[in-house]
Amino acid sequence: MEQQAVNARGFEAAFATAAGQVTQLPWDQAVSAVRFEDLSPVSEFPVVPGRRWGPGWWWSATTGRHVVHGSAAMRTQLMVLDRDPAVTGLSARPVRLLWREADGQVRSWVPQLFARYADGTGLLADCPSSPAAGGNRARRAQGVLEAACARVGWAYRRLEPPPAVVAANLRWLAGYRHPRNQGPSGLQAALAEAFAGPRPLADGAGAVGDPLHVLPAVYHALWCGLLTTPLDEPLHEEALVCADAERSGGGSGTRLSAVGGQRRGERSGRHTR
């Protein structure tokens, strides 16, 4: 979009309305008046000929809607945020921030992701494939966006890719994130009982019923955080799984940490809606 005039006193936010019209408000006003999690992208992800990866869609267990992504790194971060129990909304490229530099030049940046948290705060984020991705322009924009977000009680982050083992485990569990995989009534309670204490995954699933029917519910419960297992170790049939007593409503065994959440530190778990 064409860069518009920017008030010298601060930042401006440009975004697309429900009717598809791009409008602009002072940043502070937009933060309090606009639900960024409901917005369509203010600019599209480009399709680059010859590139192995193009734009795609992520179905969010948090919102029940699709969120567009433009890279494998961005899809991975969508997956991580979608599993965070504190996240209540997700959107891609919902806003363009504009500001005026000391030399009078108007600059702008479109963060790749927005996440809304249960406490009402927000996260604007980019998803570089490596720390050096984006070059000097990205590093300069990082400082500006950090300041803009801090001013309104939000955060801006360049999200680092998770370790390869964590990413692989999350991709597997994400395949079972849809509520249809939770199984019939009573199955989740049976899993909480079977895994009241740390127990090998296959052993606990077999104790509940036919593994062909039970395993999808086990993976769904691991995605939701009703069951936990260390995700920084390869997930296999002997992996130790334990019920989260607080979230499953039962079980008294030792909780095993689940790696993957990202928000001002590390969070874990995910509940579906």
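Residues numbered from 1 in each chain as written. Predicted model: local features only at pLDDT ≥ 70, side-chain atom pairs only at ≥ 80, totals over all residues. Heavy atoms only, no water.

**Student:** Just to check I follow, could you spell out the overall build of the protein for this structure?
**Tutor:** The helix and strand tally for the protein stands at eight helices and 13 strands. Residue pairs in contact within the protein that sit at least 24 positions apart in sequence constitute 63% of those at least 6 positions apart. For the protein, the accessible area works out to roughly 13,000 Å², and carbon and sulfur atoms hold 51% of it. (Helix = DSSP H or I, 4+ residues; strand = E, 2+ residues; numbered from the N terminus. Contact = heavy atoms within 4.5 Å. Areas by Shrake-Rupley, 256 points an atom, 1.4 Å probe, with all protein chains shown as cover.)

**Student:** Which parts of the structure should I look at to understand the pairing of strand E5 (residues 87–92)?
**Tutor:** If a strand is regular, its side chains alternate between the two faces of the sheet. Burial runs high along E5: five of the six residues are buried. Where E5 lies against strand E8 (residues 113–117), five bridges are found, and the strand directions are antiparallel. Bridging from a neighbouring strand, Gly 89 pairs with Arg 116 of E8. (Buried < 20%, exposed > 50% of the residue type's maximum accessible area, 1.4 Å probe, protein only. Pairing = 2+ DSSP bridges.)

**Student:** Would you take a moment to explain the sheet that holds strand E13 (residues 240–243) for this structure?
**Tutor:** The strands making up a sheet are joined through hydrogen bonds of the backbone, oriented either antiparallel or parallel. Taken in spatial order, the three strands line up as E11-E13-E12 in an open sheet, and their pairing is antiparallel. The open sheet has two edge strands, strand E11 (199–200) and strand E12 (227–228), and neither has a second partner. In this sheet, E13 lies alongside E11 in antiparallel orientation, the contact comprising two bridges. Within E13, the position partnered with Pro 200 by the bridge is Leu 240.

**Student:** What's the story with the pattern of salt bridges in this structure? I'm lost.
**Tutor:** Pairs can form between side chains of opposite charge once their charged atoms are near each other. Applying the stated criterion across every chain yields a total of six salt bridges. One salt bridge in this structure joins Arg 151 and Asp 28, with 2.9 Å as the shortest N-O distance. Pair noted here: Arg 151 is in helix H3 (residues 135–151) and Asp 28 is in helix H1 (residues 27–33), with a separation of 123 residues, a long-range link. Taking relative accessible area as the criterion, Asp 28 reaches 36% and is therefore assigned partly exposed. Of the charged contacts in the structure, one is a salt bridge between Arg 199 and Asp 203, with a shortest N-O distance of 2.8 Å. On the accessibility criterion, Asp 203 (43% relative accessible area) is partly exposed. Members of the salt-bridge network, linked through shared partners, are Arg 35, Glu 37, Asp 38, Arg 65 and Arg 116. (Salt bridge = Lys/Arg side-chain N within 4 Å of Asp/Glu carboxyl O.)

**Student:** What is the right way to look at the sheet that holds strand E7 (residues 106–109) in this model?
**Tutor:** As summarised here, the arrangement of the four strands in space is E2-E1-E6-E7, forming an open sheet in which the pairing is antiparallel. Of all strands in the sheet, those with a lone pairing partner are strand E2 (22–26) and E7, marking the two edges. In this sheet, adjacent strand axes meet at a mean angle of 25° when their direction is disregarded. One ladder, built from five bridges, connects strand E1 (residues 12–16) with E2; its direction is antiparallel. Counted as the bridge partner of Ala 14 is Gln 24 from E2. (Axes fitted to C-alpha atoms, helices over the stretch in contact; angles between N-to-C directions.)

**Student:** Hey, could you run me through the side chain of Asn 169 in this one?
**Tutor:** With respect to the helices and strands, the residue Asn 169 is situated in helix H4 (residues 164–174). Excluding residues that lie within four positions of it along the chain, Asn 169 makes contacts with Leu 231, Glu 233, Pro 234 and Leu 235.

**Student:** What exactly am I supposed to notice about the packing of helix H2 (residues 72–83) against H4 here?
**Tutor:** When two helices pack together, their arrangement is given by the angle between the helix axes and the distance between those axes. Look at H2 against H4: their axes get within 10 Å of each other, and the N-to-C directions meet at 65°. The pairing of H2 with H4 is recorded here as roughly perpendicular in orientation. Relative to H4, the crossing made by H2 is left-handed. Here Arg 75, Met 79, Val 80 and Arg 83 of H2 lie close against H4, whose contacting residues are Ala 167, Leu 170, Arg 171 and Ala 174. Among the residues forming the contact of H2 with H4, the class breakdown is five nonpolar, no polar and three charged. (Parallel < 35°, antiparallel > 145°, perpendicular 65-115°, else oblique. Left-handed = near helix turned anticlockwise from the far one by under 90°. Nonpolar A, V, L, I, M, F, W, Y, C, P; charged D, E, K, R; others polar.)

**Student:** Is there a simple way to explain the nonpolar core in this structure?
**Tutor:** Looking at soluble globular proteins, one finds that nonpolar side chains tend to be buried together. Leu 81, Val 218, Leu 222, Trp 223 and Leu 227 are the most contacted members of the largest nonpolar core, which has 46 residues in total. Broken down by element, the residue count for this core peaks at eight residues, all from helix H7 (residues 211–224). When neighbours within four sequence positions are excluded, Leu 227 is seen to be in contact with Leu 191, Phe 195, Val 218, Ala 221, Leu 222, Val 241, Cys 242, Ala 243 and Asp 244. Counting residues in hydrophobic clusters, the runner-up holds 23 residues, among them Trp 27, Leu 124, Ala 138 and Cys 149. (Core = buried A, V, L, I, M, F, W, Y, C linked by side-chain atoms within 4.5 Å.)

**Student:** Please explain the pairing of E7 as it appears in this structure.
**Tutor:** In terms of strand pairing, strand E6 (residues 96–100) meets E7 through four bridges, oriented antiparallel. Of the residues in E7, the one forming a bridge with Leu 97 is Trp 109. Counting the residues in the hairpin turn of E6 and E7 gives five residues, including Gly 104, whose phi is positive at 90°.

**Student:** Is there a simple way to think about the side chain of Ser 108 in this case?
**Tutor:** By secondary structure assignment, the location of Ser 108 is in strand E7. Polar contacts involving the side chain of Ser 108 include one to the side chain of Arg 96, which spans 3.3 Å. (Polar contact = N/O pair within 3.5 Å; in protein donor to acceptor, adjacent residues only side chain to side chain.)

Geometric values such as these leave the question of function open.
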